[in-house]
Amino acid sequence: MDTTRELAAFLRTRRERLAPSDVGLPESRRPRRTPGLRREEVAELAGVSVDYVVRLEQGRGLRPSASVLDALARALRLSDDERSYLFDLAGQRPSVRPPRLVRPPASLARLVDDLSPLPAMLLDHRFDIIAWNREMSALMLDFGELPDEHRNAMWLCVMHPALRGFFRDRDLVLREGIADLRAACAAHPDDTALTGLVASLTAGSEEFARLWAQRDVKVNGRGHKRLAHPDAGPLTIEFEVLSPLQEPHHRLVIYRAADPASQAALDALIGRATRPLQPVGASDGRPH
């Protein structure tokens, strides 16, 4: 990611989404040729010069200080996640070291199994799926049958035909996932595999390209997803995302039924997934 150009574009899009009334400014009688706040209004709110805002939005190599970034974040009404993204782009937070391990420690992989009967999986910061239990496979699909390059939660959501109708609120799920992925890109600007994933999805999906260009930023730690399972029918799950202290680049994702009807559907799926039991020593298709 070219962080200078991305910083410029991000500031422009955040400015253009605001109306004067959003920030307590009176509406001007002068007609606006483009949507959003004017640069001079942002400059006034942030306490910087108009020329400074112009140069930032033109990507002219400025390195704003933490205090200026704070002022811009307040002026543009950025969320906490968007503020963190802004600081990452400007290089004002300690750079995140790349993961030390390709695969998780054995204890984390065992934890995913131990969470049964709750569907669970372990992701890295690129959304690569690196461990899962049988319940998650029953709910979504058999990740073990996928090639390595397709074992990625974002790729599957965008590109895999079997999941195209899986999320009843597909647009919302994509928006939230892409907003989360954008935050990861800013935190890992030198990760060529991550930027390659974004480039591949942008080239391969007009849907992804359209949503990526909106530059939404939001880290999703919990929420609901409404599913349309091909066997169990409609159900709703709650998800929780946890990060191990010693492996902060990993995310443990846990699903739970959100209501009694969804619990019954999930129980039926899990029952099919766990019968018949495999012989001791048989491979279940998961990485170890």
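Look up a bit, the structure's there.
> Explain the sheet that holds strand β1 (residues 120–123) to me, and be specific about the residues and the numbers.
One open sheet accounts for five strands, arranged β2-β1-β5-β4-β3; its pairing is antiparallel. The two strands at the open ends of the sheet, each matched to only one other strand, are β2 (129–132) and β3 (222–229). Taken pair by pair, the neighbouring strands of this sheet meet at an average axis angle of 30°, ignoring direction. Relative to strand β5 (residues 251–257), β1 is paired through four bridges, and the arrangement is antiparallel. Paired with Leu-123 across the strands is Arg-251, a residue of β5.

> With reference to specific residues and values, describe the pattern of salt bridges.
One side chain can pair with another of opposite charge once the charged atoms of both are near each other. Within the structure shown, the criterion is met by 20 salt bridges. For Arg-164, the salt bridge identified is with Glu-207, shortest N-O distance 4.0 Å. On the criterion of sequence distance, the pair formed by Arg-164 in the loop between α8 (153–159) and α9 (170–187) and Glu-207 in helix α11 (residues 206–212) is long-range, its members being 43 residues apart. Ionic pairing is found between Asp-169 and Arg-226, a salt bridge with its closest N-O pair at 2.9 Å. Of the two residues, Asp-169 is situated in the loop between α8 and α9 and Arg-226 in strand β3; the sequence distance between them amounts to 57 residues. The exposure class assigned to Asp-169 is partly exposed, which follows from its relative accessible area of 29%. Using a relative accessible area of 35% as the deciding quantity, one classes Arg-226 as partly exposed. Because the salt bridges share partners, they merge into one network encompassing Arg-14, Arg-17, Glu-82 and Asp-216.

Criteria and thresholds
- Residues numbered from 1 in each chain as written.
- Predicted model: local features only at pLDDT ≥ 70, side-chain atom pairs only at ≥ 80, totals over all residues.
- Heavy atoms only, no water.
- Pairing = 2+ DSSP bridges.
- Helix = DSSP H or I, 4+ residues; strand = E, 2+ residues; numbered from the N terminus.
- Axes fitted to C-alpha atoms, helices over the stretch in contact; angles between N-to-C directions.
- Salt bridge = Lys/Arg side-chain N within 4 Å of Asp/Glu carboxyl O.
- Buried < 20%, exposed > 50% of the residue type's maximum accessible area, 1.4 Å probe, protein only.

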